[in-house]
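Here's the letter readout for the chains.
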Amino acid sequence: MSIATTPPTDRLLYRPEEAAELLSIGRSTLYELMTAGLLEYVKLGRCRRIRRSALEQYVDGLIPESH
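Remember, predicted model here, so these are calculated numbers, not experimental data.

Caption draft 1: The arrangement of a nonpolar patch on the surface in detail. A surface patch of nonpolar side chains, about 280 Å² in accessible area, is lined by Leu12, Leu13 and Leu44. Looking at the element boundaries, leucine 13 is found in strand β1 (residues 13-14). Classification of leucine 13 by relative accessible area gives partly exposed; the value is 32%.

Given below as structure tokens:
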């Protein structure tokens, strides 16, 4: 039995899986955003990390759809 936990929001860097959970999107969608240059990330050795500020910037840049 696994218990889903929400990553803490007070960190400076997040693993892609944690960032995807914070954005309520899938991990593959997050990687697509990173590849397309829509979500900035940093590499630490072989690891990718997303800054909290990059997540906030991405969300701030989303354009609401009008119905």
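Caption draft 2: Inspection of the sheet that holds β1 at higher detail. As summarised here, the arrangement of the three strands in space is β1-β3-β2, forming an open sheet in which the pairing is antiparallel. Across the chains shown, the open sheet's two edge strands, defined by having one partner strand only, are β1 and β2 (42-44). Relative to strand β3 (residues 47-51), β2 is paired through three bridges, and the arrangement is antiparallel. Bridging from a neighbouring strand, leucine 44 pairs with cysteine 47 of β3.

Caption draft 3: Structural view of the pattern of salt bridges. The final tally for this structure, using the stated rule, is four salt bridges. Notably, a salt bridge pairs arginine 11 with glutamate 18, separated by 2.7 Å at the nearest N-O pair. Linking glutamate 17 and arginine 15 is a salt bridge whose minimum nitrogen-to-oxygen distance equals 3.8 Å. On the basis of relative accessibility, which here comes to 33%, the residue glutamate 17 falls in the partly exposed class. Here the salt bridges share partners, and the residues they tie into one network are Arg11, Arg15, Glu17 and Glu18.

Rules behind the numbers
Residues numbered from 1 in each chain as written. Predicted model: local features only at pLDDT ≥ 70, side-chain atom pairs only at ≥ 80, totals over all residues. Heavy atoms only, no water. Patch = residues over 30% accessible without salt bridge, like charges linked within 9 Å, V, L, I, M, F, W, Y side chains within 5 Å. Areas by Shrake-Rupley, 256 points an atom, 1.4 Å probe, with all protein chains shown as cover. Salt bridge = Lys/Arg side-chain N within 4 Å of Asp/Glu carboxyl O. Helix = DSSP H or I, 4+ residues; strand = E, 2+ residues; numbered from the N terminus. Buried < 20%, exposed > 50% of the residue type's maximum accessible area, 1.4 Å probe, protein only. Pairing = 2+ DSSP bridges.

Note that all results are geometric; they support no functional claim without further evidence.
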